[in-house]
Amino acid sequence: MSAVDVIIIGSGPAGVSAALYTRRAGLNTLIIGRDSGSLAKADKIENYYGFSEPVSGIQLINSGIAAAKRIGVNIISDEVVSIQYNGYFTVKTKMLEVLATCVVIATGSSRKAPKIEGLERFEGRGVSYCAVCDGFFYRGKDVCVIGEGSFALHEAEELKAVARSVTLLTNGAVTTSNIPEGISVRTDRIHSISGDETVEEVIFMDGTTVKTNGVFIALGVAGSTDLARQVGAATEAGKIIVDENMATNVPGLYAAGDCTAGMLQVAKAVYEGAKAGTEVIKFVRNNAAGKSERA
Ligand SMILES: Cc1cc2nc3c(=O)[nH]c(=O)nc-3n(C[C@H](O)[C@H](O)[C@H](O)COP(=O)(O)OP(=O)(O)OC[C@H]3O[C@@H](n4cnc5c(N)ncnc54)[C@H](O)[C@@H]3O)c2cc1C
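Quantities reported herein were computed from a predicted structural model and do not represent experimental measurements.

(A) How the structure looks around the overall build of the protein chain. Counting its regular elements, the protein chain contains 6 helices and 19 strands. The C-alpha atoms of the protein chain give 21 Å as radius of gyration, which agrees with the globular expectation for 295 residues (19 Å, within 12%). With the C-alpha coordinates aligned to their principal axes, the bounding extent of the protein chain is approximately 75 × 40 × 35 Å. The proportion of buried residues among the 295 residues of the protein chain is 41%. Restricting to contacts in the protein chain with at least 6 residues of sequence separation, those with at least 24 account for 59%.

Written out as C-alpha cells, the structure is:
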C-alpha cells in the first residue's frame, strides 16, 4: 500500500488550492477527484479576481489543475468510498487504498436536484443553483425558487433584493417556515420547466403555469459529511465543522470549500484551501519532528 504526506479529496478550487501550498512546501501530495465538481455547471463567472472577461467554470478548473500538475501534484480521477483513522489515515477508493499523514476533505456540497422535466436542459440557461452567483443576471426579472426549507428561503431573500418578483415553489411539500414579506408561494406539484432558448415558464401538474425568467434550485445541501463522519469528524446541518485553521476535531483532518459553512463561492473555497494547505504543512512537519525525537 502506498503512503503520502497528504491526500486531498476533491479536485475543485478548494482541493487544488490546498495542493498548490502543500506541494510547493515539498509535501508528497495526492489529489483524488471524482469529477469537475460544481464549477462544471457554471457557464460564466464574473465575480472572481483576475479575469477581465467572464470565464467559464471548466476553464477555471482546467487551468487550476494544469498549474497543480506543473508543480508535481499527483492527481487521479477516482471516487473515495471511505476514510479510516488509526493515528494515520487510510483512504479507500473504488480502485486503490492509500495511507496519509493528513487528509483534506474538499468534496464540495452535493446539491439535490429534483427530477423535473426540463431542469437539466435549462441548466445555465435559466436554471441555477446559486442565488449569490447568478441573482445579478435576474435584476428586474421574475424568478422562482424550488425548495421548502431554510436554504430555499435564504435564496429567495437573496433574490428578492434584485428580482422584480420571487415565487417559492414547494413542489407539493408543506413549508412550515415563515415566508418573508414580498415572496409568494405555490405548493402545487411541478410537471416541467419550459421555454425556447431560455426558461419561460413552470408548468404544474394541474396544467396551470407561472411565467418566470429563472428557476433556482434550493433543496437543501447534502453530502460531504459522510466521509467526515466515517472518521468521527463533527458535522452540523450538512456541513463539516472546522476551526479558523480549517481543522476538524480529528488530528490531521482538514476541510475546505463548499463542504464547510459559509458562502458557496470560488473565492471562499480558494482561501480555505490555501489555509488548510498551510496548516497541513505545519502538521506534517511537527509529526515528522515528533517521530525523530522519539527514535
Ligand atoms: C451553476 C453554478 C454556478 C456557479 N457560479 C459561481 C460564480 O459565478 N462565482 C463563484 O464564485 N462561485 C460560483 N459557483 C460556486 C462554485 O462553483 C463553488 O463554490 C466552488 O466550486 C466550490 O469549490 P469546492 O472545491 O469546495 O467544491 P467543488 O468545486 O464542488 O469540487 C468538489 C470536488 O470534490 C469531488 N468529490 C466529491 N465527492 C468525492 C468523492 N467521494 N471522491 C472523490 N472526489 C469527490 C468532486 O468530483 C470535485 O472534484 C457556482 C456553482 C454552480 C453550481
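From this point, the narrative continues.
(B) Main features of the site of the ligand. Close to the ligand lie 35 residues; G10, G12, G37, G108 and G257 are nearest. Going through the elements one at a time, α1 (13-24), β2 (29-33) and α6 (266-294) are the ones with two or more residues in the shell around the ligand. Among the residues making up the shell around the ligand, the classes are represented as 17 nonpolar, 13 polar and 5 charged. Residue contributions to the shell around the ligand reach at least three from each of two domains, namely domain 1 (2-110 + 221-294) and domain 2 (113-217).

(C) Spotlight on the environment of G124. Residue placement: G124 occurs in the loop between β7 (110-111) and β8 (127-128). C-beta crowding within 10 Å serves as the criterion here: with 15 such atoms nearby, G124 is assigned to the partly exposed category. Apart from residues lying up to four places away in sequence, G124 is in contact with K41 and D43.

(D) Structural view of the pairing of strand β10 (residues 165-169). Within β10, 4 of the 5 residues are buried, which leaves it mostly tucked inside the rest of the structure. Bridge analysis of strand β9 (residues 142-146) against β10 gives 5 bridges, and the strand direction is parallel. Residue I146 lies in a different strand from β10, and its bridge partner there is L169. Pairing analysis gives 4 bridges linking β10 to strand β11 (residues 183-186), with the strands arranged parallel. Paired with T167 across the strands is S184, a residue of β11.

(E) Fine view of the packing of α1 against helix α2 (residues 57-70). Direction vectors running N to C along α1 and α2 enclose 25 degrees, while the axes themselves pass 10 Å from each other. By the angle class used here, α1 and α2 are roughly parallel. For the element pair α1 and α2, the recorded crossing hand is left-handed. Residue-level inspection shows P13, V16, A19 and L20 of α1 in contact with α2, the latter providing G64, I65, A67 and A68. Taken together, the residues of the contact of α1 with α2 sort by class into 7 nonpolar, 1 polar and no charged.

(F) Inspection of the domain arrangement of the protein chain at higher detail. Each assigned domain of the protein chain is listed here: domain 1 (2-110 + 221-294) and domain 2 (113-217). Between the C-alpha centres of domain 1 and domain 2 the distance comes to 32 Å.

(G) Structural detail: α2. End to end, α2 covers 20 Å across 14 residues, agreeing with the expected 20 Å (1.5 Å per residue, within 8%). By the burial criterion, the buried members of α2 are G57, L60, I61, G64, I65 and A68. For α2, the angular spread of buried residues about the axis comes to 125 degrees, placing them on one side. Away from its buried face by more than 90 degrees, α2 exposes S63, A66 and R70. A positive backbone phi angle near 100 degrees is found at G72, which sits one or two residues after α2.

(H) Quick look at unusual backbone geometry. Here N171, not a glycine, exhibits a phi torsion of approximately 55 degrees, which is positive. Looking at where N171 falls in the secondary structure, it is placed in the loop between β10 and β11. Classification of N171 as partly exposed rests on a count of 18 C-beta atoms within 10 Å. Of note, M246 is a non-glycine position whose phi angle comes to about 65 degrees, a positive value. Here M246 is to be found in the loop between β18 (239-240) and β19 (253-255).

Definitions and cut-offs
Residues numbered from 1 in each chain as written. Predicted model: local features only at pLDDT ≥ 70, side-chain atom pairs only at ≥ 80, totals over all residues. Helix = DSSP H or I, 4+ residues; strand = E, 2+ residues; numbered from the N terminus. Rg over C-alpha atoms; globule rule 2.2 N^0.38 Å. Buried ≥ 20, exposed ≤ 12 C-beta atoms within 10 Å, placed from the backbone. Contact = placed C-beta atoms within 7 Å. Near = placed C-beta within 6 Å. Nonpolar A, V, L, I, M, F, W, Y, C, P; charged D, E, K, R; others polar. Domains from an automatic or database assignment. Pairing = 2+ DSSP bridges. Axes fitted to C-alpha atoms, helices over the stretch in contact; angles between N-to-C directions. Parallel < 35°, antiparallel > 145°, perpendicular 65-115°, else oblique. Left-handed = near helix turned anticlockwise from the far one by under 90°. Expected span 1.5 Å × (residues − 1). Arc of directions from axis to C-beta.

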